[in-house]
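One-letter residues, chain by chain:
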Amino acid sequence: LPACWHSQLCIKDLHFDGVPIRIYLPREPSAGKLRGVVFIHGGCGIFGSISKELKEKIICRYIARKSGSVVVSVGYHLAPEHKYPAQTLECLTATVHFLKTAETYGVDPARIIVCGDSVGGTFSAIVCQVLGHRTDIPKIRAQVLIYPFLQALNFNLPSHQKNAAVGFLSRERTVHFILKYLNKDCSLKEPILAGSHVPENINLKYRKWINPDLIPDEFKLGYKPPLPALFLPQVHEEVPEVFEPQFSPLLAEDAVICGLPDTCIVTCEHDVLRDEGLLYKKRLEDNNIRVTWHHVEKGFH
């Protein structure tokens, strides 16, 4: 069957303010306005596609059918050919366009969520942070973050240790993909893994948010705190992007966090990024954001 044909859905490739999107619309007419979902795929910002990835097609079709929603899958351009932060900006552009034009597609603009997996969860979190306090467009109803990447300061949290060598997304590969995404020299991988890119003042500043002590004890079995890393200024100067909330949304200030919508966070036990989801969950709850948390005990990234 053609890639864009489905018995229950009308699937179209469009552009939202120049950003490629694939939209999934229920064929059956609805008595009222529909829900809307902006879906942002994973792939470390360097892999994935709205047209070639079977997984993304299946997920978007499933969401559209099961929830009776119009799903907009964002085809952001990939790094390193399209330099950071082009990916986040395109996701933001597509989301704003959909919020403004939702009724054109039979969607209630007050019932649109933003959803993404892996780096798609990162981009979803950033989009919601940027739009949280805007009053010129409808508010995002909720965000769904599926095992998101949320910070690049500390790669020695309990989940990094426990799942350091787990297949597909190992601890080492995580930093490798970050450097590829930012178009940096991959020789920086080892000092970043050790934490040598973070000066003491930044460590102290963000310790209140990125700290193994904030993770529930049941997730710290066998954890051994690492020895302090030797700070290397030359490494720090090579990766200034990782200290920006636009890259590491866990670093956003409370004034930003308190403007976020209702949130669903999905974490997996066998995932190096597990603890980032746990830390973000705590930050949101500390700022009185309603959070639903699903933990997949036998799940992998």
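Residues numbered from 1 in each chain as written. Predicted model: local features only at pLDDT ≥ 70, side-chain atom pairs only at ≥ 80, totals over all residues. Heavy atoms only, no water.

The name an unreviewed UniProt entry assigns to the chain is ADCL4 protein, from the organism Cettia cetti.

Caption draft 1: Highlighting the packing of aromatic side chains. On inspection of all chains with the given rule, the structure shows 12 aromatic pairs. Consider the rings of Tyr 84 and Phe 247, whose centres lie 5.7 Å apart with planes at 80 degrees: the pair is edge-to-face. Of this pair, Tyr 84 sits in the loop between strand S4 (69–74) and helix H2 (86–101) while Phe 247 sits in the loop between helix H8 (233–238) and helix H9 (254–257), and the two are 163 residues apart along the sequence. The exposure class assigned to Tyr 84 is buried, which follows from its relative accessible area of 16%. Consider the rings of Phe 98 and Tyr 105, whose centres lie 6.3 Å apart with planes at 50 degrees: the pair is tilted. By way of ring pairs, the aromatic residues Tyr 76, Tyr 84, Phe 123, Phe 149, Tyr 181 and Phe 247 are connected into one cluster. The positively charged end of Lys 208 is found above the aromatic ring belonging to Trp 209, 4.6 Å away from the centroid. (Phe/Tyr/Trp six-rings, centres within 6.5 Å; stacked < 30°, edge-to-face > 60°. Helix = DSSP H or I, 4+ residues; strand = E, 2+ residues; numbered from the N terminus. Buried < 20%, exposed > 50% of the residue type's maximum accessible area, 1.4 Å probe, protein only. Lys NZ or Arg CZ within 6 Å of the ring centre and 35° of its normal.)

Caption draft 2: Highlighting unusual backbone geometry. Here the residue pair Ala 79 and Pro 80 is connected by a cis peptide bond, since its omega of 0 degrees sits within 30 degrees of zero. Mapping Pro 80 onto the fold places it in the loop between S4 and H2. The step from Tyr 84 to Pro 85 runs through a cis peptide bond, and the omega angle for that step is 5 degrees. Positionally, Pro 85 belongs in the loop between S4 and H2. The phi torsion at Asp 17 lies on the positive side, around 50 degrees, for a residue other than glycine. Relative accessible area serves as the criterion here: at 58%, Asp 17 is assigned to the exposed category. Positive phi, normally seen in glycine, also occurs at Tyr 147, with a value near 30 degrees. By relative accessible area, which is 16% here, Tyr 147 ends up buried.

Caption draft 3: Looking closely at the side chain of Arg 22. Looking at where Arg 22 falls in the secondary structure, it is placed in strand S2 (residues 19–26). Only 2.7 Å separates the side chain of Arg 22 from the side chain of Asp 13, close enough to count as a polar contact. (Polar contact = N/O pair within 3.5 Å; in protein donor to acceptor, adjacent residues only side chain to side chain.)

Caption draft 4: Representation of the UniProt feature "domain: Alpha/beta hydrolase fold-3" (unreviewed entry) in the chain in the model. On the UniProt side, "domain: Alpha/beta hydrolase fold-3" (unreviewed entry) is annotated at positions that read residues 37–192 and 243–301 here. In this annotation, residues 243–301 is assigned 29% helix and 32% strand; the end-to-end C-alpha distance for the span is 24 Å. (UniProt positions renumbered as here; feature names shortened; annotations may be inferred.)

Caption draft 5: Structural context of the pairing of strand S6 (residues 142–146). Among the 5 residues of S6, 4 are classified as buried, and the element is accordingly described as predominantly covered. Direction of pairing for strand S5 (residues 107–117) relative to S6: parallel, over a ladder of 5 bridges. From the neighbouring strand, Asp 117 faces S6, where its bridge partner is Ile 146. Read from S5 through helix H3 (residues 119–131) to S6, the crossover connection turns out right-handed. (Pairing = 2+ DSSP bridges. Right-handed = clockwise from strand over helix to strand, strands pointing away.)

Caption draft 6: Layout of the pattern of salt bridges. Summed over the entire model, instances satisfying the criterion amount to 15 salt bridges. Between Arg 141 and Asp 262 there is a salt bridge, with the nearest N and O atoms lying 3.0 Å from each other. Here Asp 262 lies in strand S7 (residues 262–270) and Arg 141 lies in the loop between H3 and S6, a separation of 121 residues in the sequence. You can call Asp 262 partly exposed: its relative accessible area is 22%. The partner of Arg 283 in a salt bridge is Asp 254, and the shortest N-O contact between them spans 2.5 Å. Taken together, the positions of Arg 283 in helix H10 (residues 274–286) and Asp 254 in helix H9 put the pair 29 residues apart, joining distant regions of the chain. Exposure remark for Asp 254: the relative accessible area of 35% places this residue in the partly exposed category. (Salt bridge = Lys/Arg side-chain N within 4 Å of Asp/Glu carboxyl O.)

Caption draft 7: Region of interest: the packing of H2 against H3. Remark: H2 packs on H3, axes separated minimally by 9 Å, with the N-to-C direction vectors making an angle of 60 degrees. Taken together, H2 and H3 sit at an angle that is classed as oblique. Like other packed secondary-structure pairs, H2 and H3 cross with a definite hand, here right-handed. On H3, the residues that touch Gln 87, Thr 88, Cys 91, Leu 92, Thr 95, Val 96 and Leu 99 of H2 are Phe 123, Ile 126, Val 127, Val 130 and Leu 131. Residues belonging to the contact of H2 with H3 are distributed by class as follows: 9 nonpolar, 3 polar and no charged. (Axes fitted to C-alpha atoms, helices over the stretch in contact; angles between N-to-C directions. Parallel < 35°, antiparallel > 145°, perpendicular 65-115°, else oblique. Left-handed = near helix turned anticlockwise from the far one by under 90°. Contact = heavy atoms within 4.5 Å. Nonpolar A, V, L, I, M, F, W, Y, C, P; charged D, E, K, R; others polar.)

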